[in-house]
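Structure at a glance
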Number of protein chains: 2
Amino acid sequence: MIKVVVLGAGNLASHLIEVFEKSKELTIVQVYNRSAGRLSYIKGNIPVTTDIRHLEDADIYILCLADDAIEEVSEMLPFTNKLIVHTSGTVPLNAINNKNRRGVFYPLQSFTTDKKVDFTAIPICLEAENTEDMSTLKNLAGGISNHSYEINSKQRKVLHLAAVFVNNFTNHLFYIGSDICKTHQIPFKILHPLIHETAEKLKDLSPYDAQTGPARRNDIKTINSHLNQLDNNTQKEIYKLLTQSIQKAYGREKL
Amino acid sequence: MIKVVVLGAGNLASHLIEVFEKSKELTIVQVYNRSAGRLSYIKGNIPVTTDIRHLEDADIYILCLADDAIEEVSEMLPFTNKLIVHTSGTVPLNAINNKNRRGVFYPLQSFTTDKKVDFTAIPICLEAENTEDMSTLKNLAGGISNHSYEINSKQRKVLHLAAVFVNNFTNHLFYIGSDICKTHQIPFKILHPLIHETAEKLKDLSPYDAQTGPARRNDIKTINSHLNQLDNNTQKEIYKLLTQSIQKAYGREKL
């Protein structure tokens, strides 16, 4: 049984606490948060504290904190040589104070409050300073997910950048699609199955092979007709730039 | 029982023929294609012809043709006052020659050869010139899908434009994500669950509310760090433009 202390009570912390509680392979011995207010959702059977000097003994201390709080809080820890991990996609391992053994436990997913998450499908990116700690982290990850990967700090930083493209920017394209539909009294839900299929296709095809549309087949007539239909300048610029990028990727001449 | 003649033997035609064959509410009386070669995959029990003068009698003639062939082929039809529909997202209803009754039967999905499609979830956009023909088209759509919508030619054109954003451009962002991963020896499949969740979220949240990431929270430090990490200029431009567009949508100052 792996003993875990969670530090922080925000969005990720609440999701982790929920899934840790269900796992038979680990136990939450304590949740720490600076202010008591945010600890109020923690159920009665998990001990909580707002005093960092009173942390319980555990195998792993998980920092679920804002990126810029990791360094400071890890320095305040009242012990040495224990395994401390942060959960950030962007902060390097060595932001954690080196008086303790350091690691990273980064669940690669976008967490929304109030939305249930199936952790078994979420990839957990792990980093540690030695094989024994990595083994502990793999056991911890294995308790909640079927997918864990050893990813170093440099790779994790790159992964976070790639995630911005496939998640944040993709969602913004959905927003533009919904905005275009709204302007013309079309229910956006007509596009939901297409969006679903666009993601689903990646199970069988690489994104390079899955590409379709006017830019891919260099259909200048349709491209120009679409540009004429757009009267929002930002949307027009995005249409042009992404079309050019697709044409470039498939070796066609420039727009 | 609705009697259908399919004209064309390409990608969409093959998918439609497959699903029409399974439906109890309609029957394919014939498939026409100009060249015999592409008709070879049609199974023995469906009559085929390469001679447009020998079309069988049917309730609906479905043109599964390239956009620019619709006008010409509809003019060549050897009869009048029958219901002819095309299946294009971009071509207006009146591209079909007016010697026959005209309509549109547009399944809004991206079809890839060899990939099975669940038609029941695909929205079918319908247009007709009178209520009786619309009723026939609704019955046809109902035989294969649970979702049909009355969409006029102008709305369909707009829908096709919105689809380029949420499908073609989104897929290209997946490609950029995979390209970034490849450059740093990271398996792209780590991002699959995130991509899946990005699409899945739309079931519960509007894309406006689902937006997360550095641009949404105006995290200039992370944005600049990401821009520094990108050495592909096109990718850098796309990052900048989409970040600006998100900041604009959420009322933040410009990058």
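So, how was this worked out
- Residues numbered from 1 in each chain as written.
- Chains lettered and ligands numbered in written order.
- Predicted model: local features only at pLDDT ≥ 70, side-chain atom pairs only at ≥ 80, totals over all residues.
- Heavy atoms only, no water.
- Axes fitted to C-alpha atoms, helices over the stretch in contact; angles between N-to-C directions.
- Helix = DSSP H or I, 4+ residues; strand = E, 2+ residues; numbered from the N terminus.
- Parallel < 35°, antiparallel > 145°, perpendicular 65-115°, else oblique.
- Left-handed = near helix turned anticlockwise from the far one by under 90°.
- Contact = heavy atoms within 4.5 Å.
- Pairing = 2+ DSSP bridges.
- Buried area = accessible area lost by both parts, 1.4 Å probe.
- Salt bridge = Lys/Arg side-chain N within 4 Å of Asp/Glu carboxyl O.
- Polar contact = N/O pair within 3.5 Å; in protein donor to acceptor, adjacent residues only side chain to side chain.
- Nonpolar A, V, L, I, M, F, W, Y, C, P; charged D, E, K, R; others polar.
- Least-squares fit on C-alpha atoms with pLDDT ≥ 70 in both.
- Phe/Tyr/Trp six-rings, centres within 6.5 Å; stacked < 30°, edge-to-face > 60°.
- Buried < 20%, exposed > 50% of the residue type's maximum accessible area, 1.4 Å probe, protein only.
- Lys NZ or Arg CZ within 6 Å of the ring centre and 35° of its normal.

On to the packing of helix α4 (residues 153-183) of chain A against helix α5 (residues 192-200) of chain B, then. When two helices pack together, their arrangement is given by the angle between the helix axes and by the axis-to-axis distance. At a minimum axis separation of 10 Å, α4 of chain A and α5 of chain B run at an interaxial angle of 15 degrees. Taken together, the axes of α4 of chain A and α5 of chain B are roughly parallel relative to one another. α5 of chain B is crossed by α4 of chain A, and the crossing has right-handed handedness. On the side of α4 of chain A, the interface is formed by Ala163, Val166, Asn167, Thr170, Asn171 and Phe174 of chain A, while α5 of chain B contributes Leu194, Ile195, Thr198 and Ala199 of chain B.

A word on the sheet that holds strand β1 (residues 2-7) of chain A. Residues and elements named next belong to chain A. The strand order across the open sheet built from eight strands is β3-β2-β1-β4-β5-β6-β7-β8, with neighbouring strands paired in mixed fashion. Where the open sheet ends on each side, the last strands, each with one partner, are β3 (48-49) and β8 (147-150). One ladder, built from six bridges, connects β1 with strand β2 (residues 26-32); its direction is parallel. By the bridge assignment for β2, lysine 3 is matched with threonine 27. On top of the sheet, helix α3 (residues 131-142) reaches β1, β2, β4 (60-63), β5 (83-86), β6 (101-107), β7 (123-128) and β8; it is set at about 165 degrees to β7, its chief contact.

Moving on: the interface of chain B and chain A. Between chain B and chain A, the residue contacts involve 80 residues of the former and 80 residues of the latter. Taken together, both faces of the contact between chain B and chain A bury some 8100 Å²; the carbon and sulfur share is 72%. In this structure, the connection of chain B to chain A is made through zero salt bridges. Connecting chain B to chain A are 20 residue pairs in polar contact (both at pLDDT 80 or more). Residue assignment for the side of chain B that touches chain A shows that the elements contributing at least two residues are β7 (123-128), α4 (153-183), α5, α6 (207-210), α7 (220-229) and α8 (233-249) of chain B. Looking at the side of chain B that touches chain A element by element, the count peaks at 25 residues for α4 of chain B. Considering only residue class, the side of chain B that touches chain A consists of 43 nonpolar, 28 polar and nine charged.

With that out of the way, let us pick up the relation of the copies chain B and chain A. Take chain B, turn it by 180 degrees, move it 0.0 Å along the axis, and it overlays chain A with an RMSD of 0.0 Å. The relationship between the two copies is best expressed as a two-fold rotation axis. Among all residues of chain B, the minimum C-alpha distance to the rotation axis is found for threonine 170 of chain B, at 2.7 Å. Mapped onto chain A, 100% of the interface residues of chain B again fall at the interface, so both copies present the same surface.

On to the packing of aromatic side chains, then. Under the criterion given, the structure shown has 14 aromatic pairs over all chains. Ring centres 5.6 Å apart and planes at 55 degrees place the aromatic pair tyrosine 175 of chain A and tyrosine 208 of chain B in the tilted group. Taken together, the positions of tyrosine 175 of chain A in helix α4 and tyrosine 208 of chain B in helix α6 put the pair across two chains. For the pair tyrosine 239 of chain A and phenylalanine 169 of chain B, a centre-to-centre distance of 5.1 Å together with 70 degrees between the ring planes defines the contact as edge-to-face. Remark: phenylalanine 169 of chain B occurs in helix α4 and tyrosine 239 of chain A occurs in helix α8 (residues 233-249); the pair is interchain, linking two chains. For the pair shown, tyrosine 239 of chain A and phenylalanine 169 of chain B are each scored as buried. One aromatic cluster is present, built from ring pairs that chain together Phe165 and Phe169 of chain A together with Tyr239 of chain B. Taking the ring centre of phenylalanine 79 of chain A as reference, the NZ or CZ of lysine 82 of chain A above it sits at 5.9 Å.

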